[in-house]
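A look at the structure
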Amino acid sequence: MAIPFLQTVLVGTYVVRQRLAGRKRYPLVLMLEPLFRCNLACAGCGKIDYPDEILNKRLPLADALHAVDECGAPVVSIAGGEPLLHKELPEIVKGIIERRKFVYLCTNALLMMKHLHKYKPSPFFVWSVHLDGDKEMHDKSVCQDGVYERAVEAIKAAKALGFRVNINCTLFNNSEPERVAAFFDTLAPMRVDGITVSPGYAYERAPDQQHFLNRTKTKELFRDIFRRGNNGRNWSFSQSSLFLDFLAGNQEYHCTPWGNPTRTVFGWQRPCYLLGEGYVETFRELMEETDWDAYGTGNYEKCADCMVHSGYEATAVNDAVAHPIKAAITAMRGVRTTGPMVPEIPLQAQRQAQYMFERQVKEQLAQMHGAEPLKKAAGR
């Protein structure tokens, strides 16, 4: 695994403290979105379909650091949009590191070479570069030629300067297991420190709706990939062994969306990074007033096929802390790629999807024009 020892110790200690305090729900990773604007328009992305007035909005430095303090999670993933478009991002990163939080700066790397000099290597800082496969795979995924080569150039430059660099890779139903495995093999020579891998989430606003995976296809795809890499042991993943085992259909987990709470330019997003179904002003409101049982696979139609790390990694980490021997055995033997899979979560009782995007855009535009304060969403 590619998770540094210092991070393993500090995050593990944090989780143990929460469990000893008897807390049922607590954050593990803060998903911080200081803007929605991006310099790419990927076919599988549903995060940037906003009018320009909203895309031009930025989360100020003070608000971003207040969110970090308010949440208290030991890890902060800065996403977007493209975070490097935010002029105050170096100060945001510096402030988070000063709080001894681990920062993963997610970027498509198009601006990375231009901005490398604004950051300093630190055991608390990781560049997380979006790379969905080899040159042809990635450029097709992001709908623009030449992006793969610029990302690889930026990765090599960052490594030469002493930075930690991970890649985050999203897979869809047109992914070829042999080709994905071959791509993973190219990362070690690049000195990439770790891989974060996830099936794509079926964003309702994404232009491409044909290539999202259902849960059965997800498990089959990851078994086929891991089988080609010595049950996944050939590659360094920046994820828990039990989450990878879950992707291959060997663990029965339920989503814990509060493990990765999201703060955006709109406020704290309900219920998770992937679904925007209401916003509140404070982290306390998010945690205490959200109807968490209304969401997750088996509870809500939009969650039916989700197996994304932002929903399930926290579940796997909690399981690893509760059952360290199981986690250690899984890490040593690798992901099981044969045999029966765990039963799937039944969907008969799930409630129907609610479509709120247009209404929320109108509410946020009204607020920006001074019509009303931030509206507190209902639990659902």
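This is a predicted model, so every value here is computed, not measured.

It is worth spelling out the overall build of the chain at this point. Helix and strand counts for the chain come out as 14 helices and nine strands. Whereas a compact globule of 380 residues would reach a radius of gyration of roughly 21 Å, the chain reaches 20 Å, a difference of no more than 12%. For the chain, the C-alpha atoms occupy an extent of roughly 60 × 50 × 45 Å along the three principal directions. For the chain, the residues scored as buried account for 56% of the 380 residues in total. Just so you have it, the chain exposes about 16400 Å², and 53% of that area is on carbon and sulfur atoms. Looking at the chain, you have 46 positive and 43 negative side-chain charges, and the mean spots of the two groups are 5 Å apart.

With that settled, consider the pairing of strand β9 (residues 276–280). Strand residues, when the strand is regular, have side chains that alternate between the two faces of the sheet. The buried count for β9 comes to four of five residues, which makes it a mostly enclosed element. Bridge analysis of strand β8 (residues 267–271) against β9 gives three bridges, and the strand direction is antiparallel. Residue pairing for β9: tryptophan 268 is matched across the bridge by valine 280. Between β8 and β9, which pair antiparallel in sequence order, lie four residues.

Once that is clear, we can look at the packing of aromatic side chains. Ring pairs (aromatic) are described by centroid distance and by the angle formed between their planes. If you walk through the whole model with that rule in mind, you get 24 aromatic pairs. With a centroid separation of 5.2 Å and 75° between ring planes, the pair formed by tyrosine 119 and tryptophan 127 is classed as edge-to-face. Judged on exposure class, the residue tyrosine 119 and its partner tryptophan 127 are both buried. Here phenylalanine 246 and tyrosine 253 contribute two aromatic rings whose centre-to-centre distance is 5.6 Å and whose plane-to-plane angle is 35°, an arrangement assigned as tilted. In terms of burial, phenylalanine 246 and tyrosine 253 fall into one category: buried. When the ring centre of tyrosine 295 is taken as reference, the NZ or CZ atom of arginine 351 above it lies at 5.0 Å. Positioned over the ring face of tyrosine 300 is arginine 351, at 3.9 Å from the centre of the ring.

On to empty space enclosed by the protein, then. Applying the stated rule across the entire model yields three cavities of 30 Å³ or more. Approximately 110 Å³ is the volume found for the largest cavity. If you go around the largest cavity, you meet 15 residues; those closest to its centre are Cys255, Cys272, Leu274, Cys303 and Cys306. Per-element tally for the lining of the largest cavity: the top contributor is helix α12 (residues 309–322), with three residues. Forming the walls of the second largest cavity are Val15, Lys24, Arg25, Tyr26, Pro27, Leu28, Thr256, Trp258, Gly259, Ala314, Val317 and Asn318. The element contributing the most residues to the lining of the second largest cavity is α12, with three residues.

Further remarks concern a nonpolar patch on the surface. Together, Phe5, Leu6, Val9 and Leu10 give the surface a local cluster of nonpolar side chains, amounting to about 350 Å² of exposed area. Topologically, leucine 6 is positioned in helix α1 (residues 5–20). Taking relative accessible area as the criterion, leucine 6 reaches 33% and is therefore assigned partly exposed.

Quick look at the environment of alanine 248 now. As for its placement among the helices and strands, alanine 248 is situated in the loop between α10 (241–247) and β7 (262–264). The spacing of alanine 248 and isoleucine 96 is 152 residues in sequence and 34 Å in space, taken between C-alpha atoms. Residues contacting alanine 248, with those up to four places away along its chain left out, are Lys219, Phe222, Arg223, Phe226, Val335, Arg336 and Met341.

Next up on the list: the confidence of the model for the chain. Detailed conclusions should not be drawn from predicted coordinates in areas where pLDDT is low. Averaged over the chain, the pLDDT score is 92; the fraction of residues at 70 or greater is 95%. A low-confidence stretch, residues 373–380 stays under pLDDT 50, and its non-local contacts, those more than four residues away or across chains, total 28 contacts.

Position of asparagine 168 relative to the elements: it lies in strand β5 (residues 164–171). Taking relative accessible area as the criterion, asparagine 168 reaches 16% and is therefore assigned buried.

All right, on to helix α8 (residues 177–185) then. Inspection of α8 places Pro177, Val180, Ala181, Phe183 and Phe184 among the buried residues, and these make up the whole buried set. Mapping the buried residues of α8 onto a view down its axis gives an arc of 155°, with all of them on the same face. Tucked inside the fold, the buried residues of α8 contact α6 (135–142), α7 (147–160), β5, β6 (194–199) and α9 (215–227).

With that settled, the discussion passes to the pairing of β5. Most of β5 is tucked away, with six of its eight residues classed as buried. Of the strand pairs in this sheet, strand β4 (residues 125–130) and β5 are connected by five bridges, and their pairing is parallel. Looking at the pairing, valine 126 lines up with arginine 164 of β5. In the sheet, β5 pairs with β6 via six bridges, with the strands oriented parallel. Residue pairing for β6: cysteine 169 is matched across the bridge by valine 197.

We now examine the pattern of salt bridges. Considering all chains together, one arrives at 17 salt bridges under this definition. Of the charged contacts, one joins glutamate 136 and arginine 179 as a salt bridge, the two residues approaching to 2.8 Å between their closest N and O atoms. Pair noted here: glutamate 136 is in helix α6 and arginine 179 is in helix α8, with a separation of 43 residues, a long-range link. Glutamate 136 gets classed as exposed once you look at its relative accessible area, which sits at 56%. For arginine 179, a relative accessible area of 25% corresponds to the partly exposed category. For arginine 227, the salt bridge goes to aspartate 224, with nearest N and O atoms at 2.8 Å. Taken together, the residues span about one helical turn, with arginine 227 and aspartate 224 both in helix α9 at a distance of three residues. The partly exposed category is assigned to arginine 227, whose relative accessible area is 39%. In this structure aspartate 224 comes out as partly exposed when scored by relative accessible area, which is 26%. Shared partners join several salt bridges into a network, and the residues in it are Asp134, Glu136 and Arg179.

Analysis parameters
- Residues numbered from 1 in each chain as written.
- Predicted model: local features only at pLDDT ≥ 70, side-chain atom pairs only at ≥ 80, totals over all residues.
- Heavy atoms only, no water.
- Helix = DSSP H or I, 4+ residues; strand = E, 2+ residues; numbered from the N terminus.
- Rg over C-alpha atoms; globule rule 2.2 N^0.38 Å.
- Buried < 20%, exposed > 50% of the residue type's maximum accessible area, 1.4 Å probe, protein only.
- Areas by Shrake-Rupley, 256 points an atom, 1.4 Å probe, with all protein chains shown as cover.
- Lys, Arg positive; Asp, Glu negative; His and termini not counted.
- Charge placed at Lys NZ, Arg CZ, Asp CG, Glu CD.
- Pairing = 2+ DSSP bridges.
- Phe/Tyr/Trp six-rings, centres within 6.5 Å; stacked < 30°, edge-to-face > 60°.
- Lys NZ or Arg CZ within 6 Å of the ring centre and 35° of its normal.
- 1 Å grid on protein atoms, 1.4 Å probe; cavity = no way out; pocket = protein on both sides within 12 Å on 5 of 7 lines; lining within 4 Å.
- Points joined across faces, edges and corners; volume = space filled by probe spheres on them.
- Patch = residues over 30% accessible without salt bridge, like charges linked within 9 Å, V, L, I, M, F, W, Y side chains within 5 Å.
- Salt bridge = Lys/Arg side-chain N within 4 Å of Asp/Glu carboxyl O.
- Contact = heavy atoms within 4.5 Å.
- pLDDT = per-residue confidence, 0-100.
- Arc of directions from axis to C-beta.

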